[in-house]
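# A structural walkthrough
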Amino acid sequence: MDVYFSDIFDVDPAVIEGYGAFNISLINDLPLFVDPFLLFNSEKEEYQALHRQILEYVGFLREKSIEEGIHPGLLKSWFLFSEVKQNWFGYSLSGNGGSGLGIDFAKALNKNLHVLFTDFGKETITRSSHLEKLCLVKDGVGRDNISDFTVNLIKGYLLEYTQAFARKYIDGAKCKNVPIPRVSFNYGTESWKTETFYLPLYNGDFVLLTPKDILTKDETWINKIDIIGDFHDIVASVSNEELRGQMNHYFISNLPHPERTKRGAQRAPKKKEIAAAISAVISKYPVFIDYYIRYKEEHGDDAKSISKEKVLETQKLFVTELSGFIESLFRDSDFYETSGDTLEESYQRVQFLKHVIEDKDGYRIFYQKGQPVKREVDLQIMFRLTWYATPSDVTREANEGRGPVDFKISRGAADKSLVEFKLASNSKLKQNLEKQVEIYKKAHDTDKAIKVILFFTEEEEMKTRKVLSELDLLDEKYVVLIDARNDNKPSASKA
């Protein structure tokens, strides 16, 4: 079974666990990210040193961003970074090849660093500077950008961390000395250095291990989403009474005038109206961002515990549970003995996925603080991990003329099947079911397709069954419903 690092390099998973690393999949990226705040807030001096190292380079970039007319070559050398795909984390569309930090991110850094970090190294409100500040005020900069940037700047540490593991635990026939570019920065020559490391190799490329205690899922600790939920607590933490009053007043003044319902009750503001009012406060009082970051610093211990829980749940589902099921299926059944065409093979894997989610607590991966995080990509990653042993070619987001389809499973031109995943909450579910896959089938020259629908509530289930009934698909074998509700399942220990 060649799915995980432990499988491919013949290392006991307990050894990887004891080392503190995450047992990555080498079939597809797993949805985890490196959070620089976990470096800043760590009790480990080596992690704190890494955070200082990141800030040192950000400080260098900040000084360069003040200069006018940086040469395009130097802009690429200093500000442009490719994704470090060898750690196998993120939301790549296929394998481990993400988009990385493109030229738009480089230009955003160059344009905004000296504006955002006006008091860089001399903060009076926060304890430190934080790279994540960029994602709070710049659209299009998210957790994946922050994680990729962080991984690039701590790459030397991760290489040494992996090298030490490889020398102790991995067969030398599976390792090699590899020259790695852009490992460390020479501030004297203002250039990146190449260094050589002894690393495990897979499919012609090196592999990186990452400590679990710097990983998180969903969002970095400092993020845009929490500004909305924590707004009033953040304002209350402002010690300047006058500023605190001004922020509260400006927030209220930017809410729409209260309306009355038909029964005379005052209508509560909608979420998007509250978000707009908060955005207005931030634009009017940019210092709010610093108070938000200080609030996050003061609650830093929560970042550690919450991230640990998220990583454990990700490991439980994507590694422990799935690997256990794959191994048992491989050992005790003919699941991985290819039979039938690609349609039947795909259907078996969809049913396997349904079983994991509905019967083995797999649904929990879709929840954060008890609320569903409705993302098709988590479902797609789980599905992709079941395809480690197959003669079929498995292509994600295959686009052959009429838009991308989630998966194309093929064995040559004569045998192709499509698998499309949808959320029941999708407002265009009926339209998608009726037309989308049919369009894809024509584009991919096949008449075989499976439609998979994930629902989170009883209401979503009823709505979906109603749509299927209207389309005469309720009893269609290749339309599969998956129940991800958390209110109708006893825990595995009680079941």
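Residues numbered from 1 in each chain as written. Predicted model: local features only at pLDDT ≥ 70, side-chain atom pairs only at ≥ 80, totals over all residues. Heavy atoms only, no water.

## Some details on empty space enclosed by the protein
Summed over all chains, the structure comprises 3 cavities of 30 Å³ or more. What lines the largest cavity is Glu313, Lys316, Leu317, Glu321, Lys360, Asp361, Gly362, Arg364 and Ile365. Of the residues in the lining of the largest cavity, the class split is 2 nonpolar, 1 polar and 6 charged. A volume near 50 Å³ is recorded for the second largest cavity. Considered class by class, the residues forming the lining of the second largest cavity number 2 nonpolar, 4 polar and 4 charged. (1 Å grid on protein atoms, 1.4 Å probe; cavity = no way out; pocket = protein on both sides within 12 Å on 5 of 7 lines; lining within 4 Å. Points joined across faces, edges and corners; volume = space filled by probe spheres on them. Nonpolar A, V, L, I, M, F, W, Y, C, P; charged D, E, K, R; others polar.)

## Thoughts on helix H12 (residues 241-253)
Residue pairs spaced three or four apart in an α-helix point in one direction, given the helix's 3.6 residues per turn. For H12, built from 13 residues, the straight-helix expectation of 18 Å at 1.5 Å per residue is met to within 8% by its first-to-last C-alpha distance of 18 Å. The set of residues buried in H12 consists of Leu243, Met247 and Phe251. Buried positions in H12, seen along its axis, are confined to an arc of 70 degrees and lie on one side of it. In H12, those exposed residues whose orientation departs by more than 90 degrees from the buried face are Glu241, Glu242, His249 and Ile252. In this structure, the buried residues of H12 make contact with helix H11 (231-236), helix H13 (271-284) and helix H14 (287-298). (Helix = DSSP H or I, 4+ residues; strand = E, 2+ residues; numbered from the N terminus. Expected span 1.5 Å × (residues − 1). Buried < 20%, exposed > 50% of the residue type's maximum accessible area, 1.4 Å probe, protein only. Arc of directions from axis to C-beta. Contact = heavy atoms within 4.5 Å.)

## Considerations on the side chain of Asp406
Within the secondary structure, Asp406 is located in strand E9 (residues 404-410). Lacking a salt bridge, the buried Asp406 has Lys422 as its closest oppositely charged neighbour, with an N-O distance of 5.7 Å. From its side chain, Asp406 meets the backbone nitrogen of Phe421 in a polar contact 2.6 Å long. (Lys, Arg positive; Asp, Glu negative; His and termini not counted. Salt bridge = Lys/Arg side-chain N within 4 Å of Asp/Glu carboxyl O. Polar contact = N/O pair within 3.5 Å; in protein donor to acceptor, adjacent residues only side chain to side chain.)

## A few points about the side chain of Thr126
Mapped onto the secondary structure, Thr126 falls in the loop between helix H6 (103-116) and helix H7 (133-137). Assessed through its relative accessible area of 8%, Thr126 is described here as buried. Reaching out from Thr126, the side chain makes a polar contact with the backbone oxygen of Ser128 at a distance of 2.9 Å.

## Looking at the confidence of the model for the protein
Confidence in the prediction of the protein, expressed as mean pLDDT, is 84, and 87% of residues score 70 or more. The secondary-structure element of the protein with the lowest mean pLDDT is strand E8 (residues 393-399), recorded at 66, while helix H9 (residues 155-169) shows the highest, at 98. Contacts from residues 398-403, a stretch scored under 50 in pLDDT, to residues over four places away or in other chains number 14 contacts. (pLDDT = per-residue confidence, 0-100.)

## As for the sheet that holds strand E3 (residues 191-202)
As summarised here, the arrangement of the 3 strands in space is E2-E3-E4, forming an open sheet in which the pairing is antiparallel. The outermost strands of the open sheet, each flanked by one partner alone, are strand E2 (175-186) and strand E4 (205-206). Direction of pairing for E2 relative to E3: antiparallel, over a ladder of 9 bridges. In the strand pairing of E3, Ser184 is matched with Lys193. Along the sheet face, H9 touches E2, E3 and E4 and points at about 30 degrees away from the line of E3. (Pairing = 2+ DSSP bridges. Axes fitted to C-alpha atoms, helices over the stretch in contact; angles between N-to-C directions.)

## Section: the environment of Glu358
With respect to the helices, strands and loops of the structure, Glu358 is situated in helix H16 (residues 342-359). Sequence-wise, Glu358 and Ile482 are 124 residues apart; in three dimensions their C-alpha atoms are separated by 7.1 Å. Those residues in contact with Glu358, other than ones at most four positions away along the chain, are Leu481, Ile482, Asp483 and Lys489. In terms of polar contacts, Glu358 uses its side chain to reach the backbone amide nitrogen of Asp483, at 2.8 Å.

## Here we look at H16
Here H16 contains 18 residues, and its C-alpha end-to-end distance of 25 Å stays within 8% of the 26 Å for a straight helix at 1.5 Å per residue. Within H16 the residues assigned to the buried category are Thr342, Leu343, Glu345, Ser346, Tyr347, Arg349, Val350, Phe352, Leu353, Val356 and Ile357. Between the side-chain oxygen of the N-cap and the backbone nitrogen of Leu343 there are 3.2 Å, and the N-cap of H16 in question is Asp341. At the C-terminal side of H16, Asp361 shows a positive phi close to 65 degrees.

## As for the environment of Lys448
Summarising the element assignment, Lys448 is placed in the loop between helix H18 (429-443) and strand E11 (449-455). Sequence separation of Lys448 and Leu418 is 30 residues, and the distance between their C-alpha atoms is 6.4 Å. Looking at Lys448, its side chain comes within polar contact range of the side chain of Asp415, at 2.5 Å.

## Observations regarding the pairing of E11
Counting buried residues in E11 gives 7 out of 7 residues, a clear majority hidden from the surface. Neither face of E11 is exposed, since Ala449, Lys451, Ile453 and Phe455 on one face and Ile450, Val452 and Leu454 on the opposite face are all buried. Pairing of E11 with strand E12 (residues 479-483) involves 5 bridges; the strand directions are parallel. Bridge assignment links Phe455 to a residue of E12, and that residue is Asp483. As a crossover connection, the stretch from E11 through helix H19 (residues 458-470) into E12 is right-handed. (Right-handed = clockwise from strand over helix to strand, strands pointing away.)

## Quick look at the pattern of salt bridges
Scanning the entire structure with this criterion turns up 21 salt bridges. In this structure, Arg349 and Glu345 form a salt bridge, with 3.7 Å as the shortest nitrogen-oxygen distance. Of this pair, Arg349 and Glu345 are both found in helix H16, 4 residues apart, which corresponds to roughly one turn of the helix. Classification of Arg349 as buried rests on a relative accessible area of 1%. By relative accessible area, Glu345 is classed as buried at 4%. Taking the shortest distance from any N to any O, the salt bridge between Asp487 and Arg485 comes out at 2.9 Å. For Arg485, a relative accessible area of 12% puts it in the buried group.

## Focus on the packing of H16 against helix H17 (residues 376-385)
Axes are the key here: two packed helices are described by the angle between their axes and the distance separating the axes. Interaxial distance between H16 and H17 falls to 10 Å at its minimum, and their mutual angle equals 120 degrees. Relative to H17, the element H16 lies oblique. In the packing of H16 onto H17, the handedness of the crossing is right-handed. Along the contact surface, H16 presents Ser346, Arg349, Val350, Leu353, Val356 and Ile357, while H17 presents Leu379, Met382 and Phe383. Taken together, the residues of the contact of H16 with H17 break down into 7 nonpolar, 1 polar and 1 charged. (Parallel < 35°, antiparallel > 145°, perpendicular 65-115°, else oblique. Left-handed = near helix turned anticlockwise from the far one by under 90°.)

## Thoughts on the pairing of strand E10 (residues 416-423)
Regular strands place side chains that alternate from one sheet face to the opposite one. Within E10, 8 of the 8 residues are buried, which leaves it mostly tucked inside the rest of the structure. Burial along E10 is two-sided: the face carrying Lys416, Leu418, Glu420 and Lys422 and the face carrying Ser417, Val419, Phe421 and Leu423 are both buried.

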